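Here is what each chain is made of, one letter per residue.
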Amino acid sequence: MESYKQVVEKAELALIKGEYNFCIEYLYPIIESYPPSSKEGANLRTILITALSGINKNEEAKIFCKELLKSLDYKVRENAKYLMEIIDSPEIKKPENWNINFESNPALDKTSLSSLKPNNHKKGKKFIDTSNIPTGQTKPFQKGFIFIISLLLLLLIPLLSGCVKVEDTLDISEIDSIYNNFEIESKYIKKFPWQINFEQKIKEIFPDGEISTGELDFSFKNKNLSMETAQETFYKIQKIAGEVFGESTDLKIDSIENNFFFLKKYNFRIDFDLQNLLYGEDLELTLNIVNPNKVRVKDLENSNVEVSKNFIKWQIIPGELNSLEFSFWNWNKLLLGFLLILLLMSIAYFLRFYRYQIGSNFPELPSN
């Protein structure tokens, strides 16, 4: 079997020469040997997509683009989105007046070859006419130029980071009284139609929720929720979002409680499947989780998760399967309260008993 270096060199050479069919026939049998998650597989699939696009096999090229859109590498995903946009771009027909037609002259057809011989005399060399006239001193940029450019860059930052910011803060510091705050903020000049539709459905399904609506923002708050009610609220919001975008999404929340007498350990796992939401680059999705104590996240190498003591900031990426697994310890308050009452009663009993043993030191009447 040929090495990866030999395969790439052979495929790139065929691509440079324009031998697209040969490149496709050469890569098809061996492409499965290099998974799309690897750097080699992503590189070979990019070459194959280019070759398929060259012979207008766009549907087959899209299949490989969708494989690259699921890659964990950010650069590979961005390159795949760029290729997908090129493939989906419509063909532009050139107007007829853009073409130049050359009509043949019948007189030239009758001209003999001898009359077309070049002249023997040498033509003088032509040079660009330059002069030594000074153009003046180069002027620096005006002071206002730097200010205007800086202002434009600052205005572009929120636009490039996503048109709509969706942030949910889940406070489980009181495990029996959970607080949830869901917010949507539009960075555009006005709300998108899907935002208005989403807000209307939230108002219909959660009539008792604390809802606030602004020109560019929307907030939805729930207080004193149990663990089951909080999970049900998340499922309803996810279902509404899937209906609004017209794409199937899946949310799964698993929680396990382990009781260790004085302490309880809580384990949570959240799986948010957004693989069908391929064109959600305009969304900035964030889930903040406030825990009662110091939290431990299983996959600390995940660049989309930031942990600070009892706080988790999770950046959810559209077009991917997002997973988060964390755990924390919490005191068993019911048992601690019972033990505290028992301790106070024991202290009161012993104080009363020893006080009785010491006596009151009052004079006693003589016994008969």
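What you see is a predicted model, and the numbers here were worked out from it, not measured in a lab. (Residues numbered from 1 in each chain as written. Predicted model: local features only at pLDDT ≥ 70, side-chain atom pairs only at ≥ 80, totals over all residues. Heavy atoms only, no water.)

S.K.: Would you mind showing me how to read the sheet that holds strand β1 (residues 164–171) here?
M.R.: Sheet strands pair via backbone hydrogen bonds, and the direction of the pair is either parallel or antiparallel. As summarised here, the arrangement of the seven strands in space is β3-β4-β2-β1-β7-β10-β9, forming an open sheet in which the pairing is mixed. Two strands bound the open sheet, and with one partner strand each, they are β3 (210–213) and β9 (305–308). The average undirected angle you get between the axes of adjacent strands in this sheet is 10 degrees. Here β1 pairs with strand β2 (residues 178–186) via eight bridges, running antiparallel. Paired with Leu 170 across the strands is Asn 180, a residue of β2. Sitting on the sheet, helix α8 (residues 193–205) touches β1, β2, β3, β4 (217–225) and β7 (283–290), and the angle it makes with β4 is about 25 degrees. (Pairing = 2+ DSSP bridges. Helix = DSSP H or I, 4+ residues; strand = E, 2+ residues; numbered from the N terminus. Axes fitted to C-alpha atoms, helices over the stretch in contact; angles between N-to-C directions. Contact = heavy atoms within 4.5 Å.)

S.K.: For this particular structure, what's the right way to read the packing of aromatic side chains?
M.R.: Ring pairs (aromatic) are described by centroid distance and by the angle formed between their planes. Under the criterion given, the structure shown has nine aromatic pairs. Judged by centre distance (5.8 Å) and plane angle (40 degrees), the rings of Phe 182 and Phe 198 are tilted. Of the two residues, Phe 182 sits in strand β2 while Phe 198 sits in helix α8, which places them 16 residues apart along the sequence. Pair check on accessibility: Phe 182 and Phe 198 agree, each one buried. (Phe/Tyr/Trp six-rings, centres within 6.5 Å; stacked < 30°, edge-to-face > 60°. Buried < 20%, exposed > 50% of the residue type's maximum accessible area, 1.4 Å probe, protein only.)

S.K.: What is the right way to read the pattern of salt bridges from this model?
M.R.: Two side chains of opposite charge can pair, provided their charged atoms sit close to one another. Applying the stated criterion across every chain, the model contains 12 salt bridges. Of the charged contacts, one joins Glu 67 and Arg 45 as a salt bridge, the two residues approaching to 2.8 Å between their closest N and O atoms. Here the residue Glu 67 occupies a position in helix α4 (residues 58–69), and Arg 45 occupies one in helix α3 (residues 39–54), the gap between them amounting to 22 residues. According to the relative accessible area criterion, Glu 67 is partly exposed, its value standing at 27%. Exposure remark for Arg 45: the relative accessible area of 1% places this residue in the buried category. Lys 236 is the salt-bridge partner of Glu 232, the closest N and O atoms lying 3.6 Å from each other. Note that Glu 232 and Lys 236 are positioned in helix α9 (residues 227–245) at a spacing of four residues, about one turn of the helix. If you follow the salt bridges from partner to partner, you end up with Arg 269, Asp 271, Lys 298 and Glu 325 in one network. (Salt bridge = Lys/Arg side-chain N within 4 Å of Asp/Glu carboxyl O.)

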